[in-house]
Amino acid sequence: MAAPHTVALVVAAGTGSRCGGDMPKQYVPIGGRALLAHALDHLRHPALSSVWLAVGEGQSDWVAQALGSRHDVASVVGGPTRQESVRRGLEAIEAAGGADRVLIHDAARPFLPRGVIDRLLTALNDADGAVPVLPLVDSLVRLAGDELGAPVDRDGLARVQTPQAFHFPSILAAHRTWLAEAVATDDAQVARAAGLRVGAVAGDEALEKVTLPGDFARAESRLAERMISRTGLGFDVHRLEAGEELWLGGVKIPHDRGLSGHSDADVALHALTDALLGAIGAGDIGTHFPPTDPQWRGAPSATFLAHAAGLVAAEGGIIDHVDLTLICEAPRIGPHRAQMRARIAELLRLPERRISIKATTTERLGFAGRGEGIAAQAVATVRTPEPL
Ligand code: MG
């Protein structure tokens, strides 16, 4: 029997921002990336074959920014209510060939542990739908104005989270029959109104909804807790030859000779690129820009460094610091240091205080001492999130 075709539908169509500002909360960054981008990262699961997004009208610029280089997410314009956005998303999935199972999720819950997806999909073997729930720990009470009314017995009560999982044809049919004027707070309510059986599985505190300003701060620190610090090392040498331009640290330096080699032969940027690639275990500069490929002949090395920084960002990573050492007798680096630092800061989109540039000679020993070439070493410190 073929594996069931399972898709995810993320609702990101809200226009309101309960946390203040003009930007709907699903596009507000935490750890430098939109809530939505984090929610999509956590939907990478072997059982999920595609991800659909229901977005608000006029939000395409924010969506494009949140998606970055991801092209595996299809989007559809949602409706005025959450329920209508879900229905339009389900109809779009149906029009594209349908599915066997669907996880319906909210972009405002950026951290989805894999275990929750596993539990939901297992529960679907015995039920029409499944939702993650958490117990209530606080006492519950009814309020009469600002006075306490009757206590509410929390026995048998639970907090309901998303994603909510359903057999696709049943939840589509349930949404089609739901009265447009009625307000559904979630899809389990729509499913149950259609007579579907919805099971409960254990939710996770990590799935908490980001709504109020304080939630953003909590989500930032939750993200920070998951960041692992990694260090990468880069080293490079190029030969000095007459008739070449000298590019060092992204800056053109007047000198009687220049560095020769693949691209503009900027050893400093090559060492930095390798340090960044090393920190995220993404191979080396030759893996990404083979010297045998004619398109990189004479290419500005700024392209390589920006590409490596983009790979770090695509992993949700942050570059904390880079430290570069240039090794040569001439030219003198000091007069150009500030300009190199500014250029590298610009390429890495970092403040200059997080860029260090040093220079040394080899006391006239070896190839660098004889002025035959220039060497560079670099160290990069990067933090990247570990999966939940
Ligand atoms: Mg090189």
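Residues numbered from 1 in each chain as written. Predicted model: local features only at pLDDT ≥ 70, side-chain atom pairs only at ≥ 80, totals over all residues. Heavy atoms only, no water.

A. Seen up close, the packing of aromatic side chains. This structure, assessed with the given rule, holds four aromatic pairs. Ring centres of F289 and W296 lie 4.7 Å apart, and the angle between their planes is 85°; on these two criteria the pair is classed as edge-to-face. Residue classification places W296 among the buried residues on the basis of a relative accessible area of 15%. Among the aromatic residues, those joined into a cluster by ring pairs are F289, W296 and F304. (Phe/Tyr/Trp six-rings, centres within 6.5 Å; stacked < 30°, edge-to-face > 60°. Buried < 20%, exposed > 50% of the residue type's maximum accessible area, 1.4 Å probe, protein only.)

B. Inspection of the nonpolar core at higher detail. Core analysis: the biggest nonpolar cluster contains 41 residues, and L248, L276, I319, L326, I344, L348 and I374 have the highest contact counts within it. Those elements that provide at least two residues to this core are α8 (267-279), α10 (302-314), β17 (318-327), α11 (337-348), β18 (355-360) and β19 (373-385). Among the elements that take part in this core, α8 stands out by supplying nine residues, more than any other. Ranked by size, the runner-up nonpolar core spans 29 residues in total, among them Y27, L43, L48 and L53. (Core = buried A, V, L, I, M, F, W, Y, C linked by side-chain atoms within 4.5 Å. Helix = DSSP H or I, 4+ residues; strand = E, 2+ residues; numbered from the N terminus.)

C. Expanded view of the sheet that holds strand β13 (residues 227-242). On the basis of which strands lie adjacent, the open sheet formed by five strands has the order β16-β13-β19-β17-β18 and mixed pairing. Of all the strands in the sheet, just β16 (257-260) and β18 have a single pairing partner and so form its edges. Taken over all neighbouring pairs, the strand axes of this sheet differ in orientation by 25° on average, direction set aside. (Pairing = 2+ DSSP bridges. Axes fitted to C-alpha atoms, helices over the stretch in contact; angles between N-to-C directions.)

D. Expanded view of the coordination of the magnesium ion. Around the magnesium ion, the protein contributes the donor atoms D236 (OD), H238 (NE2) and H270 (ND1), which lie 2.1 to 2.3 Å from the metal centre. Written as a sequence motif, the donor residues of the magnesium ion are D-x1-H-x31-H. Here H238, found in strand β13, pairs with H270, found in helix α8; they are 32 residues apart in sequence, far enough to count as distant. A residue is classified by how much of its surface remains accessible, and H270, at 4% relative accessible area, is buried. (Donors = N, O, S within 2.8 Å, 3.2 Å for Na, K, Ca; no water.)

E. The pattern of salt bridges, seen in detail. Under the definition given, this model contains 19 salt bridges. We note a salt bridge from D215 to R218, for which the minimum N-O separation is 2.7 Å. With a gap of three residues between them, D215 and R218 both fall in helix α7 (residues 213-225), about one helical turn apart. Salt-bridge contacts for R343 lead to E346; the nearest nitrogen and oxygen are separated by 3.0 Å. (Salt bridge = Lys/Arg side-chain N within 4 Å of Asp/Glu carboxyl O.)

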